[in-house]
Amino acid sequence: MKRTSTIFLQGVIVLIGVVALIILIRFPQLEGRAANLDLFSIYADPFIIYGYLASIAFFVALYKAFRLLGYIGQNKVFSPGSVSSLRSIKYCAMVLGVLIVLAGVYIMIAHHKDDDPAGFLAMCIITTFVCIVIATAAAVFEKILQNAIDMKSENDLTI
């Protein structure tokens, strides 16, 4: 892979992180319940705090993907660092999926009787499915990469 394409993909990952951070900061102020609240009351909401804590896994996965692209750019794809990055991405995707399911269950149980949580629950289902796909892909790539590293080390010992 050319160095320019890895730099481009790293830039895309940084852009995704910046946009996600802006959404995390700005969205609570734009939500309907926050119309007459001060900033402390907006950001002290337990569900908003839960969202911020759950986003840690997302940002860790983005950082690990950035590092993985760095290994690819340095032609160190077949290194333990790449396997470690893929393993971390897999675990972050699984944790994020579980946290999204827990948020959906919380909304199902604790929503106001006049509210219809169907839209939020649909988003929970879709994002959980995306997390499952990412975790599965990372697990497959991790296994393939680990097998390739093992084969490479056996070949190095034979020659």
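Relevant structure appears above.
Attention here is on the structure that accompanies the text. None of these values were measured; they are calculated from a predicted model. (Residues numbered from 1 in each chain as written. Predicted model: local features only at pLDDT ≥ 70, side-chain atom pairs only at ≥ 80, totals over all residues. Heavy atoms only, no water.)

Some thoughts on unusual backbone geometry
Phase 1 of the analysis: Positive phi is not limited to glycine here, since Asn75 has a value of about 60°.
Phase 2 of the analysis: Topologically, Asn75 is positioned in the loop between α3 (46-73) and α4 (80-110).
Phase 3 of the analysis: By relative accessible area, which is 67% here, Asn75 ends up exposed. (Helix = DSSP H or I, 4+ residues; strand = E, 2+ residues; numbered from the N terminus. Buried < 20%, exposed > 50% of the residue type's maximum accessible area, 1.4 Å probe, protein only.)

Some thoughts on the nonpolar core
Phase 1 of the analysis: Of all hydrophobic cores here, the largest spans 7 residues; its members are Ala57, Ala61, Cys92, Leu96, Ile100, Cys124 and Cys131.
Phase 2 of the analysis: Taken together, the elements giving at least two residues each to this core come down to α3, α4 and α5 (118-158).
Phase 3 of the analysis: With 3 residues, the single largest contributor to this core is α4.
Phase 4 of the analysis: With residues near it in sequence (within four places) discarded, Leu96 still touches Ala54, Ala57, Phe58 and Cys131. (Core = buried A, V, L, I, M, F, W, Y, C linked by side-chain atoms within 4.5 Å. Contact = heavy atoms within 4.5 Å.)

Side note on the packing of aromatic side chains
Phase 1 of the analysis: Summed over the entire model, instances satisfying the criterion amount to 4 aromatic pairs.
Phase 2 of the analysis: Taking 6.3 Å as the distance between ring centres and 20° as the angle between the ring planes, the aromatic pair formed by Phe47 and Tyr50 counts as stacked. Of the two residues, Phe47 and Tyr50 are both situated in helix α3; the distance of 3 residues between them amounts to about one turn of the helix.
Phase 3 of the analysis: Residue Tyr50 is classed as partly exposed on the basis of its relative accessible area of 26%.
Phase 4 of the analysis: When the ring of Phe58 is compared with that of Phe59, the centres are 5.3 Å apart and the planes differ by 75°; the resulting orientation is edge-to-face.
Phase 5 of the analysis: Looking at Phe58, the relative accessible area reads 27%, which means it is partly exposed.
Phase 6 of the analysis: Taken together, Phe47, Tyr50, Tyr106 and Phe120 form an aromatic cluster joined through their ring pairs. (Phe/Tyr/Trp six-rings, centres within 6.5 Å; stacked < 30°, edge-to-face > 60°.)

Brief notes about the environment of Val14
Phase 1 of the analysis: Mapped onto the secondary structure, Val14 falls in helix α1 (residues 3-30).
Phase 2 of the analysis: With relative accessibility at 45%, the residue Val14 sits in the partly exposed group.
Phase 3 of the analysis: Distance in space between the C-alpha atoms of Val14 and Leu62 is 8.1 Å, their sequence separation being 48 residues.

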